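The chain contents come next:
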Amino acid sequence: MTWGELKQATVLFADIVSSTEQIADLDAEQAMDRLGPALARMCASIEKFDGTVIRTLGDGVMAIFGAPRALEGHALLACEAALDMQRAFAPEGQGLRIRVGLHSGQVASDPQNADGKGGGAHGLTIHLASRVVGLADPGGICMTESCYALVRTLCEVQPMGQHVLKGISGQSAIYALTGFRMASSDQHFHPASLTPFLGRDRESDLLKQALLATELGQARVVGISGEPGAGKSRLCHEFVQWCRARQVPVFEVRAQPYGHATPLQPGLSLLRTFFFRIPPADDAAAARSRIVERMAELGPPAEADLALLYEFLGVAEAGSAPSALSPKARHARLLNVVRELVKHDAATTSVILIEDLHWLDEASEEFVATLVEAAAGTQTMVVLNFRPSYRLPWAQFENFEKIDLGQLNLKETEHLVRTLIGPRAELQDICELVAARSGGNPFFAEELVRSLVDRGYFLEGSDLRAGGLEAIERALPATVQAVIGARLDRLGEPEKTLLQMCAIIGKEIPLAVLEHMASPLAKVIEKGLDGLCHAELILPQPAVGGRRFTFRHPLIQEVAYSAQLKVRRGPLHGAVAVAMEVYYRDQLDEYAGLIAYHYESAGQFLDAASHAARAAQWVGSTNSALAIKHWHKVRALLQEQPRSARTDNLRVRAGGQICVLGWREGLTLQEVQPFIDEAMELAGEVDGRLIQLLVMAEGRMLQASGGPADGYVERLQKAQSLMEPGADAGRAAMINAALSQAYAWAGMLEQALAANTCALADMGKIDRFDREWIGFSVEHWVMGMRGRLLTRLGRLNEAEQCLKELLVMAQSSNDPVILQFAHFGYVDLASCRQDAALAQRHSARVAEIAEKHEGPYLRVFALSCRAMAASIAGDFGTAVRTFSEALALVRSSRVAMEFETEILASLAECHRGLGNFEQAQDVASEAIEISRQRSTRLPECRALITRAGAMLDARGLASATQARALFTEAEALVRMTGATIYEGTLLRERSRLTMFTDRRDQIDIGAGQAV
Ligand SMILES: Nc1ncnc2c1ncn2[C@@H]1O[C@H](COP(=O)(O)OP(=O)(O)OP(=O)(O)O)[C@@H](O)[C@H]1O
Ligand SMILES: [Mg+2]
C-alpha cells in the first residue's frame, strides 16, 4: 500500500461571485446548466497546469498544485491556472465573474483518498486558502505572502495590505496577482542584488573559448548540466554579459515548468526574437512586414511558408483561412525555415541561449535539435543548460560539448554566505553551518540565508546562536524542499521506498542496516540501489567494514525524510535501531547516541534512555559538557516512563553523573542538588551501595562550587561510615582516593597521604561500575594527587618520581584533564625548586592541551600554569596579568572554584614581587578570608606570610606587631598541615622582624644616649 506524504504545495480556491443571485430565479436543473459549464471551465484550467481538483462545490472548486505529485513550480503553476481562468471569465465572457485565492504551504496528501471528493489532502494550508479567496475582488486573484514569496521574481502583483485570517495569529500580507513578468536572464539576475560571482574559472574559460571558435566559423554547441541551483543560469548570465561587452548579440529563451501546457513556447519566442527580430511592441501588421523582409533574404518567399509563419507567430491577418497543411507537415516546414535561417546567418556571430531544457516540451525539442544541427559550421553559438535528469538527444553531435557544473567548494560557499549575511565576526560559525548545509549549492545557500533573514535572525539583539543548527534546520525553505521533492517524486519503485528508508537511517547508510529494514524488497534491492546511484541521489562509499552509501546532498535526505508522515517514520526508526544494534555490535559505545536517537524517534523511550546513558558514559571522559547533555537526555526520556528497576537505576545514574561531571563544567551544588536528592531517594530502593557514591559526588560538588573542603572530608567520612568494615575493599579504595583529594584541599597533608596510600594499595579491587562512575582513570587520579602531596610535604624527589610515572601512564589516557594534571604537577614541583625551564616546558604542554580540548576548566589551569612559570622566571608583570585573567575566568565561569584561593595567594605574591605592597596586602587578605570560609589551609598559610611580608615592606617597623601575629598564625598552620615547604619562607620573612626589632633597639639606645 502507498502511504501518505507531506508535500509543499499551493492550494487554489475559486468561486463564482454572487452565485446565489445568479441562480436566484432558476430551478435546480437550470442552475446546474448555468453553473456547470463554468465549473468545468475552471477545472480545465486547473488540469491544464497540472493541478489536481480535490473538490467541486456548487459554485466553486478547490485544487492543489504539488500534491499528490510534487511539483517544483507549484506556486507558479497555480498562478498560471488562475490567470487562465481569469481570461476565460473575462467580463465579455459568459457574464459570470469569479475570484481566486491562492496559498502555499505544507499539506498532507493521501493518495488512497485522492478521489476527487476532498479526502485526499489535509492541513492548515487548505483552511487558510479557503479564507483567502473571500478577499479577492470580483474577477480578481489574490494570494498570501507565502505564495507570493515563491513567485516574486516571475509575477506582477499589487499589494492589498494586511488582513486578519481566521486561524492564524496576527496579520497576513495579501497580494493581488495581475500578470506575469517576461523572464530573461537580465531580469533574473538584478545587477543591484547580485552577489559576486565566485569560482567557475574553468567553465567560464570553456565558454569563452567556444565563442572564439564560433567567431572563426566553427560554431560550438555547449550544454551545461547541473543540479537545480548549482549556478547554470548564473554562469550563462556572466557569459552573456561578456559576449555583449564584445558586441556579440545574444538571444535568450527559456523553457517553462508548465512547458507541456503551452507547447512550442520556446521555439516561438526564438523565432520572434532571434530570427525575425520582432520587438514586443510591434502590432500584427508590423510583425508581418518584418517576416516578409527577413524571409526575402533567403530568396523569394513561398506564400505557404509566410502564411504558416504568420499563423504560428499569432500575427495572421484577421479573417485569413487557416493553413490547410497537416500538423506534421506544418511542423516539418517550420523546422525547414529554421534550418535555412541559421545557415543563412552564417557570417554574423551571435549566441542563442536556451535555458532549462529539462522542461522543454517535445515539439520544442525537435526545434532545438534542428537548431543545434544547423549551427554546425556557422557563426551561431548555442548554449543550453539543463538539469542532470535531462537526456540529451544530440549528445553525439560533433560540435557539441558538455560542461558538468558541480557544487562550489567550501571556501567559495562560505564566501558567498558571508557576502549575504554581512561581514560579522560573531556570525562566522553560522556562516560555516549554512555553507555546510547547502552542500555547496549556491541557490540553497541563498535560500537558507533568506529564510533566516525573513525570520529576523540577523536583527540586532536576536540570538541566532540560541537556536543554532535547529533554527537553521527549521528554516529550510519551501522552495528548496519543492525542488528536491519534485525529483524524488519522479522516482519509480522500489527506488522511492528505498530512498525513504535510507532517509530514516541517516546520512550514512550501511547496506546491512538497509537490508534489515527492506527485507520484503530483498530481491530488488540491488536494482533499486543502482537506480538511486544512477540518479545521483546516493553515492556508494569506499567499502571498509561492509558496503555503505551516503546521500549525495544533505538536503536530499532531509526532504526525503520530512516528506514521510510521522506515523510511518516511527516504526521504521525502531527497525533501524534494532538493525544498528546488530550492525554496530563491536562499536556500540560509539554508535549508542545514534541508536538512542532512532529509539526515541520510534517512541521507545526506555531503550532510547539506555543507549543515551551508554553514549553519555562513553563521551564522559573526553567531553564532559556533552556527557552532561546526554545524561539530561536520559532523564528527559524517562520522564513519562512508569517506574521499574531499570528506570530507577538509569535515573540514579543520570542524577549522579550530572553531579560527578558537573565540577568540570562549573555547575553549582545548588543546581545539581535536586538531581542528587532524587537519586539518593531512588538509590535507597535500588541499591544501597549507590548512596556512598552519591554522597561522595555531593561532597566533590560542594567543594568545587566554593564550599568548605572540610565539608567534602565530612561527606567522605559519612560515605565510609555507610560501608561495612572490611567488606568492600574496592569501594573503600575509591572513597580513600576521594578522601586523599579532600584532605589535600583542606591542607591536611599527612592524612591525605595516608588515604592516598590506602587507595593505592587496593586500587586493583575497584570494580568496573565504580570506575565508570567517576569517568576517569582512578590510577592516574591517585598518582597525580600523590605527586602534588609529596611536593607540598617537601619530598621533592619522591614527588618527581611519582609524576614521571604518571606522565608515562597519562600518555595513553585520552582524558585531557588527567594529562593536564600530570604537567600541572610538574609546574608545581618546578615552583618549589625555582626551576624556570622546567616550569616553562610543562606549562607549554598544559596550554597545548587546553587549546586542543577547550572547556573552561582546562583553560583555568593553562592560565595558572603560564602565570606560575612567569612568576618563577621573575616576570611578575606577566604573572599578575595572567593570574588575574585566571581569577576572572574562575569567577565568571564558576569552574575550578576550589582553585580560587590558590590563585589569590599566588597573585598576592606576584604583586609583592612587583613592589605593589598595598595591593599585595589586599589580595592576601582576600585570600585569607576566602580560605577560611573554604578551609583551604595551604593558600591561607601562604597568604598570611605574604601579607605580613608586604606589610613590613610597606610600613616597616610600624607594622611589626601585626606582622608578628600573622606569622604566628602561619606557623600554626604549617604545623597543623605538615606543609614543611613553607617553613623556609616563613623563617626568612620572620627573621626580618628580628632585624627590625634589632634596629629598633639600636634606635632606642641611640635615643637614650641622646637623652
Ligand atoms: N558562481 C556563483 N557565485 C555566486 N553566486 C552564484 C554562483 N552560481 C550561482 N549563484 C547564485 O545562486 C543562485 C542560483 O543560481 P542559478 O539560478 O544560476 O542556478 P541554476 O543552476 O540555473 O538552477 P536551476 O536548475 O533551478 O535553473 C543565483 O541566485 C545565483 O546568483
Ligand atoms: Mg537556471
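Residues numbered from 1 in each chain as written. Chains lettered and ligands numbered in written order. Predicted model: local features only at pLDDT ≥ 70, side-chain atom pairs only at ≥ 80, totals over all residues. Heavy atoms only, no water.

### Let's talk about the packing of helix α12 (residues 327-344) against helix α13 (residues 362-375)
No. 1: The contact between α12 and α13 brings their axes to 9 Å, and the two run at 30 degrees. Viewed along their axes, α12 and α13 adopt a mutual orientation that is roughly parallel. Considering only the axes of α12 and α13, their crossing is right-handed. The segment α12 lies against α13, with H331, L335, V338, R339, V342 and K343 engaging A363, E366, F367, T370, L371, E373, A374 and A375.
No. 2: In terms of residue class, the contact of α12 with α13 is built from 8 nonpolar, 2 polar and 4 charged. (Axes fitted to C-alpha atoms, helices over the stretch in contact; angles between N-to-C directions. Helix = DSSP H or I, 4+ residues; strand = E, 2+ residues; numbered from the N terminus. Parallel < 35°, antiparallel > 145°, perpendicular 65-115°, else oblique. Left-handed = near helix turned anticlockwise from the far one by under 90°. Contact = heavy atoms within 4.5 Å. Nonpolar A, V, L, I, M, F, W, Y, C, P; charged D, E, K, R; others polar.)

### Things to note about empty space enclosed by the protein
No. 1: The final tally for this structure, using the stated rule, is 5 cavities of 30 Å³ or more.
No. 2: Computed from the structure, the largest cavity encloses a volume of approximately 600 Å³.
No. 3: Lining of the largest cavity is provided by 35 residues; of these, R700, Q741, W745, W781 and M785 occupy positions nearest its centre.
No. 4: Looking at the lining of the largest cavity, the elements that each hand over two or more residues are α27 (645-665), α29 (689-704), α31 (729-746), α33 (768-774), α34 (778-792), α36 (816-833), α38 (856-872) and α42 (937-955). (1 Å grid on protein atoms, 1.4 Å probe; cavity = no way out; pocket = protein on both sides within 12 Å on 5 of 7 lines; lining within 4 Å. Points joined across faces, edges and corners; volume = space filled by probe spheres on them.)

### Things to note about the nonpolar core
Nonpolar side chains tend to gather and get buried jointly when the protein is soluble and globular.
No. 1: Residues L499, L514, V634 and V672 are the most contacted members of the largest nonpolar core, which totals 188 residues.
No. 2: Take this core: its biggest share by element is 12 residues, from α38.
No. 3: With near-sequence residues (within four places) excluded, V672 lies in contact with I658, C659, L667 and M701.
No. 4: L371, V382, L384 and F386 belong to the second largest nonpolar core, which has 45 residues in total. (Core = buried A, V, L, I, M, F, W, Y, C linked by side-chain atoms within 4.5 Å. Buried < 20%, exposed > 50% of the residue type's maximum accessible area, 1.4 Å probe, protein only.)

### Re the pattern of salt bridges
No. 1: Taken as a whole and assessed by the stated rule, the structure comprises 53 salt bridges.
No. 2: The salt bridge involving D305 is made with R333; its shortest N-O contact spans 2.8 Å. In this pair, D305 sits in helix α11 (residues 303-312) while R333 sits in helix α12, placing the two residues 28 residues apart along the sequence.
No. 3: When its relative accessible area of 15% is taken as the criterion, D305 is described as buried.
No. 4: In this structure, the salt-bridge partner of E885 is R859, at a minimum N-O distance of 3.3 Å. Taken together, the residues span a long stretch of sequence, with E885 in helix α39 (residues 876-893) and R859 in helix α38 at a distance of 26 residues.
No. 5: Judged by relative accessible area, which is 36%, E885 ranks as partly exposed.
No. 6: Counted as one network, the salt bridges with shared partners bring together R41, K48, D84 and R87. (Salt bridge = Lys/Arg side-chain N within 4 Å of Asp/Glu carboxyl O.)

### Here we look at the sheet that holds strand β15 (residues 538-540)
No. 1: Strand order across the open sheet formed by 3 strands is β14-β16-β15, with antiparallel pairing between neighbours. Either end of the sheet is taken by a strand with one partner, and the two such strands are β14 (508-510) and β15. Neighbouring strand axes in the sheet, compared pairwise and without regard to direction, differ in orientation by 30 degrees on average. (Pairing = 2+ DSSP bridges.)

### A few points about the site of ligand 1
No. 1: Around ligand 1 there are 21 residues in total, and G229, K232, S233, R234 and E446 lie nearest to it.
No. 2: L198 has a polar backbone atom sitting 2.8 Å from a nitrogen atom of ligand 1.
No. 3: Between D356 and ligand 1, the recorded distance is 3.3 Å, taken from a side-chain N or O atom to an oxygen atom.
No. 4: Its residues assigned to classes, the shell around ligand 1 shows 10 nonpolar, 4 polar and 7 charged. (Near = heavy atom within 4 Å. Polar contact = N/O pair within 3.5 Å; in protein donor to acceptor, adjacent residues only side chain to side chain.)

### A look at the sheet that holds strand β12 (residues 380-386)
No. 1: Strands sit in the order β10-β11-β12-β9-β13 across an open sheet of 5 strands; the sheet is parallel. The outermost strands of the open sheet, each flanked by one partner alone, are β10 (250-254) and β13 (400-405). On average, each strand axis in the sheet is tilted by 15 degrees relative to the strand beside it, whichever way the strands run.
No. 2: Pairing of strand β11 (residues 350-355) with β12 involves 5 bridges; the strand directions are parallel. Counterpart to L353 in the pairing with β12 is V383.
No. 3: Contacting β9 (221-226), β11 and β12, α13 crosses the sheet at an angle of about 140 degrees to β12.

### Focus on the packing of α38 against α39
In a pair of packed helices, the angle between the axes and the distance between the axes together describe the arrangement.
No. 1: Contact geometry of α38 with α39 gives a least axis separation of 8 Å together with a crossing angle of 160 degrees. With respect to each other, α38 and α39 are oriented roughly antiparallel. Taken as a pair, α38 and α39 cross one another with a handedness that is left-handed. In this structure, α38 uses P856, R859, V860, L863, S864, R866, A867, M868, A870 and S871 to contact α39, whose residues at the interface are F876, T878, A879, T882, F883, E885, A886, L889, V890 and S893.
No. 2: Taken together, the residues that form the contact of α38 with α39 break down as 12 nonpolar, 5 polar and 3 charged.

### Some details on unusual backbone geometry
No. 1: Each neighbour pair has its own omega, and for A67 with P68 the value is 0 degrees, a cis peptide bond.
No. 2: You can see P68 is positioned in the loop between β3 (60-65) and α3 (74-88).
No. 3: Going from E493 to P494, the amide bond is cis rather than trans, its omega being 5 degrees.
No. 4: Structurally, P494 can be placed in the loop between α18 (478-489) and α19 (495-505).
No. 5: Of note, the phi angle at R277 is positive, near 50 degrees, even though the residue is not glycine.
No. 6: Counting through the fold element by element, R277 comes out in the loop between α9 (265-275) and α10 (284-296).
No. 7: Positive phi is not limited to glycine here, since R894 has a value of about 60 degrees.

### Comments concerning helix α30 (residues 709-721)
No. 1: Its 13 residues place the ends of α30 19 Å apart at the C-alpha level, agreeing with the 18 Å of an ideal helix rising 1.5 Å per residue.
No. 2: Among the residues making up α30, those that are buried are A709, G711, Y712, V713, L716 and A719.
No. 3: Against α29, α31 and α41 (917-934) lie the buried residues of α30. (Expected span 1.5 Å × (residues − 1).)

### So, the confidence of the model for the protein
No. 1: Of all residues in the protein, 92% attain a pLDDT of 70 or more, and the chain-wide mean is 85.
No. 2: Contacts from residues 1003-1011, a stretch scored under 50 in pLDDT, to residues over four places away or in other chains number 0 contacts. (pLDDT = per-residue confidence, 0-100.)

### Comments concerning the environment of T936
No. 1: Within the secondary structure, T936 sits in the loop between α41 and α42.
No. 2: For the pair formed by T936 and G747, sequence separation is 189 residues and the distance between their alpha carbons is 6.1 Å.
No. 3: Those residues within four positions of T936 in sequence are excluded, and the remaining contacts are W745, T901 and S931.

### Overview of helix α14 (residues 410-421)
No. 1: The end-to-end C-alpha separation of α14 is 16 Å, in line with the 16 Å expected for 12 residues at 1.5 Å each.
No. 2: Of the residues making up α14, those classed as buried are T413, E414, L416, V417 and I421. For α14, the buried positions fall inside an angular range of 160 degrees around the axis, keeping them on one side.
No. 3: In this structure N409 caps α14, since a side-chain oxygen of it lies 3.1 Å from the backbone nitrogen of K411.
No. 4: G422 occupies a position one or two residues after α14 and carries a positive phi of about 105 degrees. (Arc of directions from axis to C-beta.)

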